[in-house]
Amino acid sequence: MSQKVITRFAPSPTGMLHIGGVRTALFCWLFARKHGGTFILRIEDTDLSRSTDDNIRIIEEGMAWCGLDWDEGPIVGDPGQWKGPHGPYRQMQRMDLYKSKIQELLDKGLAYRCRCSREALDERRKAVEAAGKVFQYNRGLDAGKGCADAHHDASRPCAIRFRMPVDGDIVVDDLIKGETRFPAESLDDWILARTGDAPGEIGVPTYNFCVVVDDTHMAVTHVIRGDDHLNNTPKQIPLFRAFGYELPAFAHVPMILGADGAKLSKRHGATSITEYQAMGLLPSAVRLALARLSWTPKIDGRAVESAEEELLTDDQMIQLFDLADCQKSAARFDMDKLNWMNQKLIQRATWQELEPHLRPFLPAAWAEKPDAWKALAIQATQKGKSLTDMAEALRFAFAPPTTFDEKAVEKFMTPAIKPALAEVRGLADYTHAGLEAGFNAILAKHGLKTKDLAQALRVALCGKPVSPGIFDTLMLVGREGVAARLERWL
RNA sequence: GGGGCUAUCGUCUAGGGGUCAGGACACCGCCCUUUCACGGCGGUAACACGGGUUCAAAUCCCGUUAGCCCUACCA
């Protein structure tokens, strides 16, 4: 690769950052990082009705949470400002460029003004469809009814259409899908720019036009996007040619489906990245799980083949990433595997790494706890599947239980256990070894089994027969807390 | 309707003419155990269908079926 790799993720601000979009962004990011290239974030806000500053902020925050840092694009929290030499990175701020490029096409006769009203178009569409055919502007049954060869009425606002080739195939050479051919006759003259406000004025350009102009002017070398855009590519390629632009490389990544094989949507529970954040998932786990959908990392030409190898770090992913190892088919989102990866990454993280992620799920009192206590707390609950599990497991460490599991009380709070329980108050050495020694002494003295005392203690300290290791539990509650919580059972 | 993409265990996938069709998650069983977990060991489970080509097809070709995408003055 002679030129510097530049990829871009170009979401439209619709109110949330979709998990599928994040996956696409991840591939762009991985590819750019792998090749020492640049990753651009571009906001496609030409749909005026949906684009707001708030919606843009949602994208920025979602990307940031996922650890997908962009080299060029908007500056977080400062709408309208950007970093990078190819700005601005919001399409609505690029209107002047678009309009001059459209004028260029008009001047060259490669595009033309269309004054057909929506109503007229609808009517013609209906008529053609009634005849069992596809409506194609100025093609097929609609031939001769277009504005291409007519003198447009300069007194009326008009849209701009692109003159598409009529014969032959348009070939898309895709890095993932391979070569695909689209018959030119299956496409028609599409709209470059919507109807302007005043006669002669060029309106807001459409997606297919903006991408071509932006990708070229931002020097994007690899267009990596969802395969729902594969069908748009044959519309865009003739436009690249009309401008005399060089074609970027294309890679269309498969969609992510819901567990039922249908398109991932609200009814599958979570589509927005913020929902995954709220579930207590580590961003690194989300990255891993998303990357492994439709991508099989190959180590020395061999697919990963053990649980250990599945758990790739970001660095390994970057090093291993290759579009050639991507699947052509759509993948279903596998929440089970994400949870497993999350658990594994939680287990192998140091407490310092985990702390900032865990903090938002814990009560404010967490902030006042000393580091040693935090380290113990995190380690004691690191078997959890998620940060929310960990936070739940730690509840007892912040406040005495208010309710008690009835069955557990009945089973473990036997009269025989009370004397032993009373003696636990006397334990003074609150180190793991100290507690273990004292605990065993009490056991021996009363002829109890570990389980008997441990479970009774759990009920007294946590209200339920489930907690971290009993000595960890004691240390987390602390000597005074233990004494206080034991009181009501003696 | 037209055009495009896709099709291996429940899920993610390896394998691209000869494999007992391999792995991971999930599931089930056993072991470990101070609870819940973790962990260890083992197990169930797949080439969508129909035709070709070939000594031989999950693998190549052609159909069919199913799913998805595009077919907007959405992106």
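For the structure, see preceding data.
Described in the following lines is the structure provided in the data block. (Residues numbered from 1 in each chain as written. Chains lettered and ligands numbered in written order. Predicted model: local features only at pLDDT ≥ 70, side-chain atom pairs only at ≥ 80, totals over all residues. Heavy atoms only, no water.)

Another aspect to go through is the packing of helix H18 (residues 450-462) against helix H19 (residues 470-477). Running from N to C, H18 and H19 point in directions that differ by 30°, and their axes come no closer than 10 Å. Taken together, H18 and H19 sit at an angle that is classed as roughly parallel. The way H18 lies across H19 gives a crossing that is left-handed. Residues Ala454, Leu457, Arg458, Leu461 and Cys462 of H18 form the contact with H19, whose participating residues are Ile470, Thr473 and Leu474. Class assignment of the residues belonging to the contact of H18 with H19 gives a composition of six nonpolar, one polar and one charged. (Axes fitted to C-alpha atoms, helices over the stretch in contact; angles between N-to-C directions. Helix = DSSP H or I, 4+ residues; strand = E, 2+ residues; numbered from the N terminus. Parallel < 35°, antiparallel > 145°, perpendicular 65-115°, else oblique. Left-handed = near helix turned anticlockwise from the far one by under 90°. Contact = heavy atoms within 4.5 Å. Nonpolar A, V, L, I, M, F, W, Y, C, P; charged D, E, K, R; others polar.)

Over its 13 residues, helix H4 (residues 118-130) extends 18 Å from the first C-alpha to the last, a length consistent with the 18 Å expected when each residue adds 1.5 Å. Turning to H4, its buried residues are Leu121, Arg124 and Val128. Looking straight down H4, one finds that the buried residues subtend no more than 70° of arc, so they occupy a single side. Away from its buried face by more than 90 degrees, H4 exposes Arg118, Glu119, Glu123, Lys126 and Ala130. Gly132 sits one or two residues past H4 and shows a positive phi near 80°. (Expected span 1.5 Å × (residues − 1). Buried < 20%, exposed > 50% of the residue type's maximum accessible area, 1.4 Å probe, protein only. Arc of directions from axis to C-beta.)

What follows concerns the nonpolar core. Counting residues in hydrophobic clusters, the biggest one holds 106 residues, and the most contacted among them are Met63 and Leu457. When residues in this core are grouped by element, the largest group, ten residues, is from helix H1 (residues 19-34). Here Leu457 is in contact with Leu421, Val424, Phe439, Cys462, Ile470, Leu474 and Leu486, once residues within four sequence places are set aside. Judged by nonpolar contacts, the second largest core, of 36 residues, contains Ile6, Ile102, Val220 and Phe240. (Core = buried A, V, L, I, M, F, W, Y, C linked by side-chain atoms within 4.5 Å.)

This paragraph deals with the packing of helix H17 (residues 432-446) against H19. Where H17 contacts H19, the axes come no closer than 10 Å and their chain directions differ by 115°. One element, H17, and the other, H19, form an angle in the roughly perpendicular class. Two packed elements cross with a definite hand, and for H17 against H19 that hand is right-handed. Contacts from His432, Leu435, Glu436 and Phe439 in H17 reach Phe471, Asp472, Leu474 and Met475 in H19. The residue inventory of the contact of H17 with H19, partitioned by class, reads five nonpolar, one polar and two charged.

Turning our attention to the state of the cysteines. Applying the stated criterion to the full structure yields zero disulfides. The thiol of Cys210 is unpaired, and the distance to the nearest cysteine sulfur, on Cys158, comes to 17 Å. Classification of Cys210 as buried rests on a relative accessible area of 0%. (Disulfide = S-S within 2.5 Å.)

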